[in-house]
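# Chains, contacts and geometry: an overview
Below are the chains, spelled out letter by letter.
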Amino acid sequence: GYATGNLKLYGLINDYQVSGLANVDDVGFQIPYLNTYYRNKNEELILHFNSDTIAIENFHVFDSIYETRAIIDVSIRHRGFKNMEYQLSINSDSLFVLNTNEYDNNIYYGNAFLGGNLFVKGNSRETILDINGEAKKGTKLMIPLFQSKEIRENQFIQFSGTKIEAESYHPLVK
C-alpha cells in the first residue's frame, strides 16, 4: 500500500520519540504457514504514533477467499524502535484462518473458520497466544494420528466435546 501522514521525530538519537498519524491504503498481508491472505476494503489503516507507542484501532480486514471479516487492534511499545513489546487483538464472528493440505503441513491441515477472540502478546524473546474461540461452520481440520500412543502423549492438543473414532485420520468437523 501507500502511506501518507505527518510525523514528528524528536529526542535523543538512542531514545527518540515519534508522534503523529500515518494513513496507509491498500493494505494486504499473507500468513504463509496458514496459507491465508487478508486485505482491507475501502478503509485506510491509521497508524497512531504517540511517543513510544504505535497503535492501530478498529481496523477491519477480510480474507481473500470467503470475505470473512475480523477487527484488529494493535499496540506496539518501543524505546527508539528497539526493545519492542506488542499486543494484538483479533475479534471475529467467523474468520477463515486455515487453508492448507497434507502437502503444506503433515502435522495438521484443512480449512478452518474461527469465531471468537485472539490475543497475542510478546516481545523478541517470547510470544503468548490466548485464544477464546470455537470452530465455525465449514471447518474441516485433519490431524493425522498414526498411533494411539501419540494421542496419550500429546499435551498440546486437547479434544473437547468431540467424539473421536479409532481411525488413522480424525477429522474434526463442525
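Okay, so let's go over this structure. (Residues numbered from 1 in each chain as written. Predicted model: local features only at pLDDT ≥ 70, side-chain atom pairs only at ≥ 80, totals over all residues. Heavy atoms only, no water.)

### Brief notes about the nonpolar core
Heads up, the condition is: Nonpolar core, defined: a set of buried Ala, Val, Leu, Ile, Met, Phe, Trp, Tyr and Cys residues in which side-chain atoms within 4.5 Å join the residues together. Burial classes: relative accessible area under 20% of the type maximum marks a residue as buried, over 50% as exposed, and values in between as partly exposed (1.4 Å probe, protein chains only). Contacts were defined at the residue level, with two residues in contact if any of their heavy atoms lie within 4.5 Å.
Residues Leu45, Leu47, Phe49, Ile56, Phe59, Val61 and Leu95 are the most contacted members of the largest nonpolar core, which totals 20 residues. Excluding its chain neighbours within four sequence positions, the residues that come into contact with Leu45 are Ala22, Asn23, Val24, Val27, Ile56 and Phe59.

### Thoughts on the environment of Ile56
To keep things clear, this is the line we draw: Secondary structure elements are defined from DSSP: runs of H or I of at least 4 residues count as helices, runs of E of at least 2 residues count as strands, and each element is numbered from the N terminus.
Relative to the assigned elements, Ile56 resides in strand 6 (residues 53–63). C-alpha of Ile56 to C-alpha of Val74: the two residues are 18 residues apart in sequence and 4.9 Å apart in space. Not counting residues within four places of it along the chain, the set of residues in contact with Ile56 comprises Leu45, Ile46, Leu47, Ile72, Asp73 and Val74.

### Quick look at the pattern of salt bridges
This is how it is decided: In the sections that follow, a salt bridge refers to a side-chain nitrogen of Lys or Arg positioned within 4 Å of a carboxyl oxygen of Asp or Glu.
Inspection of the entire model under this criterion finds five salt bridges. Across the salt bridge formed by Arg79 and Asp15, the nearest N and O atoms sit 3.7 Å from each other. Of the two residues, Arg79 sits in strand 7 (residues 69–79) while Asp15 sits in strand 2 (residues 15–25), which places them 64 residues apart along the sequence. With its nearest N and O atoms 2.9 Å apart, the salt bridge here joins Lys136 to Glu134. When salt bridges that share partners are traced, they join Arg39, Lys41 and Glu67 into one network.

### Section: the pairing of strand 1 (residues 2–12)
Applicable threshold: For two strands to pair, DSSP has to find at least two bridges joining them.
For strand 1, the buried fraction is low: zero of the eleven residues fall into the buried class. Relative to strand 2, strand 1 is paired through eleven bridges, and the arrangement is antiparallel. Its bridge partner being in strand 2, Leu12 is matched across the sheet by Asp15. The hairpin formed by strand 1 and strand 2 contains two residues between the paired strands.

### A short note on the packing of aromatic side chains
Here is the rule: The rule is short: rings of Phe, Tyr and Trp, with Trp giving its six-membered ring, pair when the centres are within 6.5 Å, and they are stacked under 30 degrees, edge-to-face over 60, tilted in between. By definition here, charges over rings are those cases where NZ of Lys or CZ of Arg is within 6 Å of the ring centre and within 35 degrees of the ring normal.
Enumeration over the complete set of coordinates arrives at six aromatic pairs. Arranged with centres 5.6 Å apart and planes meeting at 35°, the rings of Phe29 and Tyr38 form a pair that is tilted. With a centroid separation of 4.9 Å and an interplanar angle of 40°, the aromatic rings of Phe96 and Phe113 are classed as tilted. Here the residue Phe96 occupies a position in strand 8 (residues 82–100), and Phe113 occupies one in strand 9 (residues 109–123), the gap between them amounting to 17 residues. Here the aromatic cluster, defined as three or more aromatic residues joined through ring pairs, consists of Tyr66, Phe96 and Phe113. Directly above the aromatic system of Tyr10 lies the positively charged group of Lys8, at a separation of 5.2 Å from the ring centroid. Lying across the ring of Phe62, Lys41 places its NZ or CZ 4.6 Å from the centre.

### Looking at the pairing of strand 3 (residues 28–31)
Two strands pair when backbone bridges link them, and strand 3 and strand 4 (residues 36–39) are joined in this way by four bridges, in the antiparallel orientation. By the bridge assignment for strand 4, Ile31 is matched with Thr36. As consecutive antiparallel partners, strand 3 and strand 4 are separated by four residues, and within that stretch Asn35 has a phi angle of approximately 55°, a positive value.

### Some points on a nonpolar patch on the surface
As a reminder, the rule being used: Patches draw on residues past 30% relative accessible area with no salt bridge. Two like charges within 9 Å are joined, as are two nonpolar side chains (Val, Leu, Ile, Met, Phe, Trp, Tyr) within 5 Å. In these tables, accessible area is a Shrake-Rupley quantity obtained with a 1.4 Å probe, and a residue counts as shielded only by the protein chains included in the view.
Residues Phe29, Ile31 and Tyr33 make up a contiguous nonpolar surface patch of about 270 Å² in total accessible area. Given the relative accessible area of 32%, Ile31 is considered partly exposed.

So, to be careful, I would describe these as geometric facts and stop short of saying anything about function.
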